Amino acid sequence: MFVPELNEHYHSIHGAIQESMHIFIGAGYKEVNSFPVNILEVGYGTGLNAFLTFLESKKDRNAEVNYTAIEKYPLQNDIVHLLNYPGQINRNKTIVFQTLHSASWEKKVRISEKFTLRKIQCDITCALLPDNFFELVYFDAFGPDIQPELWTEYIFRKIYKSMTNKSFLVTYSVKGTVTRALKAAGFSIEKLPGPPGKREITRATKKENRR
Ligand SMILES: C[S@@+](CC[C@H](N)C(=O)[O-])C[C@H]1O[C@@H](n2cnc3c(N)ncnc32)[C@H](O)[C@@H]1O
């Protein structure tokens, strides 16, 4: 997926599925050790991260996931119909992928017995987030060079407040301005090895007893 107006891709050109699996599932979801887990995604886009999280959660019958996704510009249906992630990942779950997209916005929708999805159409800069609620955050906005206004201390502080203690946020950017904004918001930063085509990624942990 490429946005000509921004000259920006939705995912790595080295492979969208591989990138999402590495960053959001590998460094994010797989590090969660207690359920139910409340996950926040900033930038729902193609629903790939939600789909991969759903599939991963099915590997553990105790895994209960409540997934909240924020998206300012939902994809049009004709574009969603062109996405072939189930064909590449798990054809048997095509209906799940379609349901993730057809699910009503703003409401909590049950996708399966142990997976709920709440998609919120809004701008993260003015989104109202619950306090002390999310255990895991996928920060997947367009890059800090394209949307610098989303990678700020103000936004990260707001997300920090919505997270529980010892929870963490994962993102693909390791840019200095991003790391500094995350630290200023209260996070501890780890740089982890990235997927092919990307040297490092960031995991930011909420420290206990701060703010
Ligand atoms: C890198 S793409 C997300 C990729 C997505 N996670 C996926 O798996 O397809 C960035 C997304 O952020 C959304 N976005 C851009 N500005 C936003 C804003 N201010 N608030 C919320 N979402 C925004 C874009 O519309 C786009 O879907």
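Coordinates for the structure precede this section.
Below you will find a few notes about this structure. (Residues numbered from 1 in each chain as written. Predicted model: local features only at pLDDT ≥ 70, side-chain atom pairs only at ≥ 80, totals over all residues. Heavy atoms only, no water.)

1. With respect to the pattern of salt bridges
Note the following rule: Salt bridge criterion: a side-chain nitrogen from Lys or Arg within 4 Å of a carboxyl oxygen from Asp or Glu. Under the DSSP-based scheme used, a helix requires at least four consecutive residues in state H or I and a strand at least two consecutive residues in state E, with every element numbered from the N terminus. Between buried and exposed lies partly exposed: a residue is buried under 20% and exposed over 50% of the maximum accessible area for its type, with that area taken using a 1.4 Å probe on protein chains only.
A complete count under the given rule lists six salt bridges for this structure. Between Asp131 and Lys161 there is a salt bridge, and its shortest N-O distance comes to 3.2 Å. Of this pair, Asp131 sits in the loop between β6 (115-121) and β7 (134-139) while Lys161 sits in helix α6 (residues 153-162), and the two are 30 residues apart along the sequence. You can call Lys161 exposed: its relative accessible area is 51%. Ionic pairing is found between Arg157 and Glu153, a salt bridge with its closest N-O pair at 2.5 Å. In this pair, Arg157 and Glu153 are both assigned in helix α6, four residues apart and thus about one turn of the helix distant. Classification of Arg157 by relative accessible area gives partly exposed; the value is 33%. On the basis of relative accessibility, which here comes to 32%, the residue Glu153 falls in the partly exposed class.

2. Side note on the site of the ligand
What counts, and what does not: If a single non-hydrogen atom of a residue is within 4 Å of a molecule or strand, that residue counts as near it. Pairs of N or O atoms within 3.5 Å make up the polar contacts considered here, provided that, within protein, one atom can donate a hydrogen while the other can accept it, and that residues adjacent in sequence are counted only when both atoms are side-chain atoms. Computed by Shrake-Rupley with a 1.4 Å probe, the accessible areas treat only the displayed protein chains as cover when residues are assessed.
Among the 21 residues in the neighbourhood of the ligand, the closest are listed as Glu41, Gly43, Thr46, Glu71 and Asp140. Between the ligand and the protein, one listed contact pairs a nitrogen atom with a backbone N or O atom of Ile124 at 3.0 Å. Asp140 places a side-chain nitrogen or oxygen 2.7 Å from a nitrogen atom of the ligand. Bound to the protein, the ligand loses 98% of the 600 Å² it would expose on its own.

3. Observations regarding the layout of surface pockets
Here is the rule: A cavity here means a set of points on a 1 Å grid, drawn over the protein atoms and nothing else, where a 1.4 Å probe fits but cannot get out; a pocket is an open set with protein on both sides within 12 Å along at least five of seven lines, and a residue lines either one if it has an atom within 4 Å of a point. Grid points are joined across faces, edges and corners, and a volume is the space filled by probe spheres set on the points. Following the grouping adopted for this structure description, the nonpolar residues are Ala, Val, Leu, Ile, Met, Phe, Trp, Tyr, Cys and Pro, the charged ones are Asp, Glu, Lys and Arg, and the polar ones are all others, Gly among them.
Put simply, the largest pocket is a space of about 910 Å³. Lining the largest pocket are 44 residues, and of these Glu8, His9, Tyr10, Ala141 and Phe142 lie nearest its centre. Across the lining of the largest pocket, the residue classes break down as 20 nonpolar, 14 polar and ten charged. Computed from the structure, the second largest pocket encloses a volume of approximately 230 Å³. Lining the second largest pocket we find 17 residues, and of these Thr68, Arg118, Ile120, Phe133 and Phe134 sit closest to its centre. Of all the secondary structure elements, the ones that give two or more residues to the lining of the second largest pocket are β4 (65-71) and β6.

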